[in-house]
Amino acid sequence: MATPLVPPFTFETATAKVRMAEDGWNSRDPQKVALVYTENSQWRNRAEFPIGRKQIIEFLTRKWAKELDYRLIKEMWTFSATRIAVRFAYEYHDDSGNWFRAYGNENWEFNAAGLMQRRFASINDLPIKEADRKFHWPLGRRPDDHPGLSDLDL
């Protein structure tokens, strides 16, 4: 993309920023994911409140050690010059083979360099049967032709 993904956002740059975030999280690489956040980024994720890249890396490492075969879809809800609101769903199973679909919303705030300085997430987990899964691509980036959340009626 020729346009940098920095504020002020347009519909196109905000949408691209959301897809880049989805791709990063689907990599399940805490070191890589943490690079898009400021050194002192503030998070709220369920009952955890990581601050800074070191704590974000620790959080993501724990998360992906428990949430196995993790696959995520994000969709932009709305945006402003420096903020993006996202809705998402992801599927995973625990080490006992129990499957879940987590639904949630995130509010993001970016600095002038395009790094996320605040991330506030609200998340709910729904137990599902393996047969009810909707995210069936190989681990990693969601293929461009795989349906998004709205297409899946989620």
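Scroll up a little and you will see the structure.
Note that this is a predicted model, so its numbers are computed, not measured.

Caption draft 1: Quick look at the overall build of the protein. Counting secondary structure elements, the protein contains three helices and five strands. Overall, the protein shows an N-to-C arrangement of helices and strands of α-α-β-α-β-β-β-β. Its C-alpha radius of gyration of 15 Å places the protein within 12% of the 15 Å reference for a compact globule of 154 residues. Viewed in the frame of its principal axes, the protein has a C-alpha envelope of about 45 × 35 × 25 Å. Within the protein, buried positions represent 49% of all 154 residues. With the model as given, the accessible surface of the protein reaches about 8200 Å², and the carbon-plus-sulfur share is 54%. Between the centroid of the 23 positive side chains of the protein and the centroid of its 22 negative side chains there is a distance of 4 Å.

Caption draft 2: Quick peek at the layout of surface pockets. In this model, the largest pocket occupies a volume close to 260 Å³. Forming the boundary of the largest pocket are 13 residues, of which Met-20, Ala-21, Gly-24, Val-33 and Val-36 lie nearest the centre. Those elements that provide at least two residues to the lining of the largest pocket are helix H1 (11–27) and helix H2 (30–34). In terms of residue count, the dominant contributor to the lining of the largest pocket is H1 (six residues). Split into classes, the residues belonging to the lining of the largest pocket amount to eight nonpolar, two polar and three charged.

The rules behind each value
Residues numbered from 1 in each chain as written. Predicted model: local features only at pLDDT ≥ 70, side-chain atom pairs only at ≥ 80, totals over all residues. Heavy atoms only, no water. Helix = DSSP H or I, 4+ residues; strand = E, 2+ residues; numbered from the N terminus. Rg over C-alpha atoms; globule rule 2.2 N^0.38 Å. Buried < 20%, exposed > 50% of the residue type's maximum accessible area, 1.4 Å probe, protein only. Areas by Shrake-Rupley, 256 points an atom, 1.4 Å probe, with all protein chains shown as cover. Lys, Arg positive; Asp, Glu negative; His and termini not counted. Charge placed at Lys NZ, Arg CZ, Asp CG, Glu CD. 1 Å grid on protein atoms, 1.4 Å probe; cavity = no way out; pocket = protein on both sides within 12 Å on 5 of 7 lines; lining within 4 Å. Points joined across faces, edges and corners; volume = space filled by probe spheres on them. Nonpolar A, V, L, I, M, F, W, Y, C, P; charged D, E, K, R; others polar.

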